[in-house]
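Summary of structural features
What follows is each chain in one-letter form.
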Amino acid sequence: MRRKSALTISILSIVLFYNCSNPSSESDTIVPEVDCSDIILDTTYSKVLTGTAGYDITKASDCSYIISGSAGNTILMKIDQFGNEVWSSSYDELSGSHWGNSVNPTNDGGYIIGGNQNIIIKTDSLGTMEWHQKLSYSVAHYVEDVIQTSDGDYMVVGGVGGDPIGGDAVKGKAFMLRMSEGGSIQWVKRYGITDTPNNTFWSVVEADDGGFVLAGEKLQDRNFEFYDHFWVMKTNTNGDEQWSIESGGNLWDEARDIVKLSDGSYIVTGKISLSSTNLNMRVMRVSSGGEIIWQNNHGGGNNETGLSMTLSQDEDMVAIVGYTRSDSGSPFKYRIWGVDVNSGQVLWNKIHGGNQDDKAYGIVESFDGGFNVVGSSYSFGNERVNWMVKTDSVGNID
């Protein structure tokens, strides 16, 4: 998930500058200039990488990419523009069940990983763990996304396990948690309707005013198992709700990823259930004040889900990835959509995969204007593998 980078990397110039300035530090970190002029335009390929799944991908400062995922437990790897592994790190010394749901760059050149069940990991630029936080609440807190804030703290979001039947104040809620550098917890807040399980924030971005906008799912009634709403919520810097959009019907709808545009608006993607057997990818643009600017669905007659999104450098398009299948008996495949930012119309969409289940989880625009997509595949190995697809600027691979 990247797509949510706190760093700005320009691919319009030959020389890329990585801004590592931390507003809360006394001096700036100096990072050498990097020349990416030798990158071949519209390179395409597919490749099996280390691990059993890639869940998120983001750009690094030297024309390479960082992927978080799983090989039993959390892994982090760096690849070059051709998908060759530069290094990989695993964190098996951490107890419990954890995997790299999300990765985002930090102001010091390192990375922050959302490690699913209670785990947050901070690494240096080479993937070496600097510190970690294992949340010690009585109920598991599933970490879906972590970003560094403009003042150097960290915002952690996800969902709490358990069933809150009887009015439990913690179980089943979506949560936000603010941390300091080093992992000290400043505060945690939880959200959702009393007695309803499965409320979750899947993604978060920082707003221009220092608050946060979140994408998630909110269960409306515990008597309906799939009565989830596509949920977009804005808070102030302290996590107090300022506005909320809850969109959907009586089935399973959820918002999975969010990106912020330079004008202060947001684009959110996920899925909407048109019937119990027909899911469509949903994409929505929301103003800074919480008004829906446009919304659109796309899909066939069975299952289309948007899970991750990246904004093009010129902000004229978002590319969305997830998975699709043609009918209930067919395998899932990677699907990538190009969507016009101004209108919400689907410009193109492409499907990639084999004859077994393949699901795409993460995407980032590549330095050549194409897209790097990671996920999991049963089609290209004896067991589940971490399958990466590098497409051109309209989602094709040769």
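Here's a quick rundown of the structure. (Residues numbered from 1 in each chain as written. Predicted model: local features only at pLDDT ≥ 70, side-chain atom pairs only at ≥ 80, totals over all residues. Heavy atoms only, no water.)

What follows covers the pairing of strand β9 (residues 111-114). The side chains of a regular strand alternate between the sheet's two faces. In β9, alternate side chains face the same way, and those of Tyr111 and Ile113 on one face and Ile112 and Gly114 on the other are all buried. By the bridge criterion, four bridges tie strand β8 (residues 102-105) to β9 in an arrangement that is antiparallel. Across the sheet, Asn104 pairs through a bridge with Ile112, a residue of β9. What sits between the antiparallel neighbours β8 and β9 is a turn of five residues, in which Gly109 has the positive phi angle 90 degrees. (Buried < 20%, exposed > 50% of the residue type's maximum accessible area, 1.4 Å probe, protein only. Helix = DSSP H or I, 4+ residues; strand = E, 2+ residues; numbered from the N terminus. Pairing = 2+ DSSP bridges.)

Glancing now at the sheet that holds strand β18 (residues 212-219). Strand order in this open sheet of four strands is β17-β18-β19-β20, and the pairing throughout is antiparallel. A strand with exactly one partner marks an edge of an open sheet, and here the two such strands are β17 (200-206) and β20 (241-247). Ignoring which end each strand starts from, the neighbouring axes of this sheet average 20 degrees apart. When β18 meets strand β19 (residues 228-235), the two strands line up antiparallel, connected through eight bridges. Among the inter-strand pairings, Lys218 is bridged to a residue of β19, identified as His229. (Axes fitted to C-alpha atoms, helices over the stretch in contact; angles between N-to-C directions.)

What follows concerns the sheet that holds strand β12 (residues 129-134). Backbone-to-backbone hydrogen bonds join strands into a sheet, with any given pair of strands oriented parallel or antiparallel. Reading across from one edge, β8-β9-β11-β12 is the order of the four strands in this open sheet, with antiparallel pairing throughout. Looking at strand neighbours, the two that pair on one side only are β8 and β12, the edges of this open sheet. Recorded for the sheet is a direction-independent mean angle of 15 degrees between the axes of neighbouring strands.

As a further point, take the pattern of salt bridges. Evaluated as defined, the whole model comprises 14 salt bridges. For Asp151, the salt bridge goes to Arg178, with nearest N and O atoms at 2.9 Å. Here Asp151, found in the loop between β13 (141-148) and β14 (154-160), pairs with Arg178, found in strand β15 (residues 174-179); they are 27 residues apart in sequence, far enough to count as distant. The class of Asp151 is partly exposed, set by a relative accessible area of 37%. Between Lys260 and Asp208 there is a salt bridge; the shortest N-O distance is 2.8 Å. Of this pair, Lys260 sits in strand β21 (residues 254-260) while Asp208 sits in the loop between β17 and β18; the two residues are 52 residues apart in sequence, bridging distant segments of the chain. Overlapping salt bridges, with partners in common, bring together Asp108, Lys122 and Glu130 in one network. (Salt bridge = Lys/Arg side-chain N within 4 Å of Asp/Glu carboxyl O.)

Note on placement: Glu144 falls in strand β13. Buried charged residue Glu144 carries no salt bridge. Nearest counter-charge: Arg256, at 5.7 Å. Among the polar contacts listed, one links the side chain of Glu144 to the side chain of Asn101, at a separation of 3.1 Å. Every residue in contact with Glu144, bar those within four places of it in the chain, is listed here: Asn101, Ser102, Asn116, Val157, Gly158, Thr200, Phe201 and Trp202. (Lys, Arg positive; Asp, Glu negative; His and termini not counted. Polar contact = N/O pair within 3.5 Å; in protein donor to acceptor, adjacent residues only side chain to side chain. Contact = heavy atoms within 4.5 Å.)

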